[in-house]
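# Per-entry structural report
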Amino acid sequence: ETIFKKGKKPVKYVYLLKYGKIELSDGKNSEVLTEGDLFGVASAITGNPPRFTAKALEKSVCFLIRRENFLNVFNSNKKFSEFFTRLLERRLVS
């Protein structure tokens, strides 16, 4: 099942994978996410369309964090925003 598609509408949620496997793919590169991984963060922060397609590779369950709620905490808590900024930087480097 496709969760969201590259280049389509910005995400409405930040996703926390409780269990299962999710593949993020831009058509050239892909990454498989597992339990505890977060995704959709960059699109949620910027309001831009996702740069990856997120697709469940097997039965998976995600916690959904509304974009508005995520941004409220991101914009009001320096440590929280620094954590996610570093997370995105590491993903870009890798």
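Summary of the structure given here. (Residues numbered from 1 in each chain as written. Predicted model: local features only at pLDDT ≥ 70, side-chain atom pairs only at ≥ 80, totals over all residues. Heavy atoms only, no water.)

### Structural notes on the pattern of salt bridges
What the rule picks out here adds up to two salt bridges. Lys 78 is the partner of Glu 82 in a salt bridge, and the nearest nitrogen-oxygen pair spans 4.0 Å. On the criterion of helical spacing, the pair formed by Glu 82 and Lys 78 is a turn pair, its members being four residues apart in helix H3 (residues 78-93). The exposure class of Glu 82 is partly exposed, given its relative accessible area of 31%. Using a relative accessible area of 61% as the deciding quantity, one classes Lys 78 as exposed. Measuring nitrogen to oxygen at the nearest pair gives 3.7 Å for the salt bridge that ties Arg 86 to Glu 82. Taken together, the residues span about one helical turn, with Arg 86 and Glu 82 both in helix H3 at a distance of four residues. Taking relative accessible area as the criterion, Arg 86 reaches 43% and is therefore assigned partly exposed. Through salt bridges that share partners, Lys 78, Glu 82 and Arg 86 make up one connected network. (Salt bridge = Lys/Arg side-chain N within 4 Å of Asp/Glu carboxyl O. Helix = DSSP H or I, 4+ residues; strand = E, 2+ residues; numbered from the N terminus. Buried < 20%, exposed > 50% of the residue type's maximum accessible area, 1.4 Å probe, protein only.)

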